[in-house]
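Residue-level structure breakdown
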Amino acid sequence: MTRLPSLLAIPFLALVAAPAIAAPDPTEPAFRALFRELVETNTTLSAGDCTRAVRQVADRLRAAGYPDRDLHLLVEPSHPREGSLVAVLPGTDPKAGAILLLGHVDVVEARREDWTRDPFVMVEEDGFFFARGVADDKAQSAIFADSMIRLKAEPRLKRTVKLALTCGEETSGAFNGAQWLARNRPELIAADFAMNEGGGGRVRGDGTPEFLAMQVGEKHYQDYALEVTHPGGHSSRPVPENPIYILAAALKAVEATKFPVALNDTTAAFFRNAAVMFPAPVRPHMEAIARNPADKAAEAVLSMDPTLNAMLRTTCVATQVSAGHAQNALPQRAVANVNCRIIPGETVEGTRARLEQAIANPKVSVRARDLRNEVAIQPPLSDRVMGPAVALARKHFGEIPVLPMMSTGATDAPFLAAIGIPVYGVPGILYEADGGGVHGLNERIRVASVMKGRAYLHDLVKAYASQ
């Protein structure tokens, strides 16, 4: 997952004014208890239990008044610890399309000996929550579940609101609950659009908000195998057709390959309006590329920044190499993995063909590895989604930009997009500029970011469900 700078040129986006001071929230202790329980339930693939985690959430929803007919615990028999929960809060208008709150409860592995604190005991210290999953993605999943509890006690909304908490987002090749739901129970999660992780925003080191972000689309994750084979032989008799040398030349060709600039509505808006947040020498080039994606001078400057380069185009990079079978033998095989992040609108096969063309050596085979999912359909950058998000920023945050962005990482959104559900990574939770230890050691998130995000997202759910 990825977080990235209001779009001054788009009418529904603007810098927002200072927020009013909120009164103490009497529902906060219940949320804290839910959040702690979810975080302290180990949901790693190796030793965790997502089914236990979502069953605990279901128990809280049941206690809040949800009947069993509106709570769906789904466990695929061959994956008993990787269950999902779908909860449904019916709206007053059966004809109004539902909105779906999507979160994943699984987390990346964490070893106690590597961490300063126990990764599965949530510690509040120096204004931060520390534990595995506090930022990715249990804060937002807990907020969504908490909103469903609070909404049950409030006047009914026009739209039906659904919650889907799934397992498997963090591990490529693992059983994926969102994918399973899309393939096997699409009617259960059917919605006009979904709210997901991937947006959020960023907080400065001094704790002040820097920007909010709405993820509108994401790149496609795809691995390719580059392979060279040869009969081999004794290392005392070298031959020119050494697979290692051939593969090394192929990887240098991949390194030198730049895919063409390919902007869409979201990335063009990003470059046009986020320029004010970047150093002065970069700003005119961001504005220029938004006006004319063929501007080579602007492309050259922006391509030097890894983040901006990733927003411009499909990228491919070598990530693993394996070769040879003995120290005293000519290699019989050399294999490299090249990881590509494909811009929406381009294809897996088209990217493979471009790599093959760049390498220009028939001795190197270029093969797409297993697909995690199809290339996601880019959701529309629409006022019905962006409008309420920006309007509510005025209530909850200070003078802060609200920016639609394309994620260069990956979420479960493509699985839902494949069945016609546009997915948006919503703003609200502000994350650390250094990543906050997400997927690494000592993961953390500010207590204030969670609580402000909770208030904002609850109001955003109500705004969408009242449309």
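Anything mentioned here points back to the structure above.
Owing to the predicted nature of the structure, the values given are computational and were not obtained by experimental measurement. (Residues numbered from 1 in each chain as written. Predicted model: local features only at pLDDT ≥ 70, side-chain atom pairs only at ≥ 80, totals over all residues. Heavy atoms only, no water.)

**Considering the nonpolar core**
Membership of the largest hydrophobic core comes to 66 residues, with the highest contact counts inside it found for Phe 35 and Met 195. In terms of residue count, the dominant contributor to this core is helix 14 (residues 447–465) (nine residues). Apart from the residues lying within four places of it in its own chain, the contact partners of Phe 35 are Met 122, Phe 129, Val 134, Lys 138, Ala 139, Ala 142 and Val 450. Grouped together as the second largest cluster of nonpolar side chains are 21 residues, Val 228, Val 254, Ala 334 and Val 348 included. (Core = buried A, V, L, I, M, F, W, Y, C linked by side-chain atoms within 4.5 Å. Buried < 20%, exposed > 50% of the residue type's maximum accessible area, 1.4 Å probe, protein only. Helix = DSSP H or I, 4+ residues; strand = E, 2+ residues; numbered from the N terminus. Contact = heavy atoms within 4.5 Å.)

**What about empty space enclosed by the protein?**
Computed from the structure, the largest cavity encloses a volume of approximately 100 Å³. Taken together, 15 residues line the largest cavity, and the ones lying closest to its centre are Thr 43, Thr 44, Leu 45, Glu 82 and Cys 167. Grouping the amino acids of the lining of the largest cavity by side-chain chemistry returns six nonpolar, five polar and four charged. (1 Å grid on protein atoms, 1.4 Å probe; cavity = no way out; pocket = protein on both sides within 12 Å on 5 of 7 lines; lining within 4 Å. Points joined across faces, edges and corners; volume = space filled by probe spheres on them. Nonpolar A, V, L, I, M, F, W, Y, C, P; charged D, E, K, R; others polar.)

**Thoughts on the packing of helix 7 (residues 265–273) against helix 8 (residues 283–291)**
Relative to each other, helix 7 and helix 8 sit at 145 degrees, their axes nearing to 7 Å. Crossing handedness for the pair helix 7 and helix 8: left-handed. Residue-level contacts link Ala 268, Phe 270, Phe 271 and Arg 272 of helix 7 to Met 286, Glu 287, Ile 289 and Ala 290 of helix 8. (Axes fitted to C-alpha atoms, helices over the stretch in contact; angles between N-to-C directions. Left-handed = near helix turned anticlockwise from the far one by under 90°.)

**Examining the state of the cysteines**
On inspection of all chains with the given rule, the structure shows two disulfides. There is a disulfide in this structure between Cys 50 and Cys 167, and the S-S distance comes to 2.2 Å. Judged by the sign of its S-S torsion, about 60 degrees, the cystine formed by Cys 50 and Cys 167 is right-handed. Of this pair, Cys 50 sits in helix 2 (residues 50–63) while Cys 167 sits in the loop between strand 6 (161–166) and helix 4 (177–184), placing them 117 residues apart in sequence. Residues Cys 50 and Cys 167 agree in their burial class; the two are buried. Note that Cys 316 is cross-linked by a disulfide to Cys 340, the S-S spacing being 2.0 Å. Here the disulfide of Cys 316 and Cys 340 is right-handed, its torsion about the S-S bond being about 110 degrees. Pair noted here: Cys 316 is in strand 11 (residues 315–323) and Cys 340 is in strand 13 (residues 333–342), with a separation of 24 residues, a long-range link. Pair check on accessibility: Cys 316 and Cys 340 agree, each one buried. Looking at the protein, its bonded cysteines, counted consecutively from the start of the sequence, adopt the pairing 1-2, 3-4. (Disulfide = S-S within 2.5 Å.)

**Here we look at the side chain of Arg 150**
With respect to the helices and strands, the residue Arg 150 is situated in helix 3 (residues 138–152). In contact with Arg 150, not counting residues within four places along its chain, are Asp 25, Thr 27, Arg 454 and His 458.

**Describing the sheet that holds strand 14 (residues 365–368)**
With antiparallel pairing, the four strands of this open sheet are ordered in space as 11-13-9-14. Each edge of the sheet is formed by a strand with only one pairing partner; in this case those strands are strand 11 and strand 14. Here the average twist between neighbouring strands, direction ignored, is 25 degrees. Bridge count for strand 11 against strand 13 is eight bridges, and the pairing is antiparallel. Across the sheet, residue Gln 320 finds its bridge partner in strand 13, namely Asn 337. Lying over the sheet, helix 11 (residues 348–359) contacts strand 9 (220–229), strand 11, strand 13 and strand 14, oriented at roughly 40 degrees with respect to strand 9. (Pairing = 2+ DSSP bridges.)

**Re the environment of Lys 219**
By the secondary structure assignment, Lys 219 is in the loop between strand 8 (209–218) and strand 9. Looking at Lys 219, the relative accessible area reads 2%, which means it is buried. Other than its neighbours up to four places away in sequence, Lys 219 contacts Ala 310, Arg 313, Thr 314, Thr 315, Arg 341, Ile 342, Ile 343, Pro 344, Met 406, Ser 407, Thr 408 and Gly 409. A polar contact is formed between the side chain of Lys 219 and the backbone oxygen of Ala 310, at a distance of 2.6 Å. One polar contact links the side chain of Lys 219 to the main-chain carbonyl oxygen of Arg 313, over a distance of 2.5 Å. (Polar contact = N/O pair within 3.5 Å; in protein donor to acceptor, adjacent residues only side chain to side chain.)

**Some remarks on the environment of Ala 96**
Inspection of the secondary structure puts Ala 96 in the loop between strand 2 (84–89) and strand 3 (99–104). Overall, Ala 96 belongs to the buried group, its relative accessible area being 17%. The sequence separation of Ala 96 and Arg 159 amounts to 63 residues, and the corresponding C-alpha distance is 5.5 Å. Setting aside residues no more than four positions away along its own chain, Ala 96 makes contact with Lys 158 and Arg 159.

Limitation: the analysis is restricted to geometry and does not speak to function.
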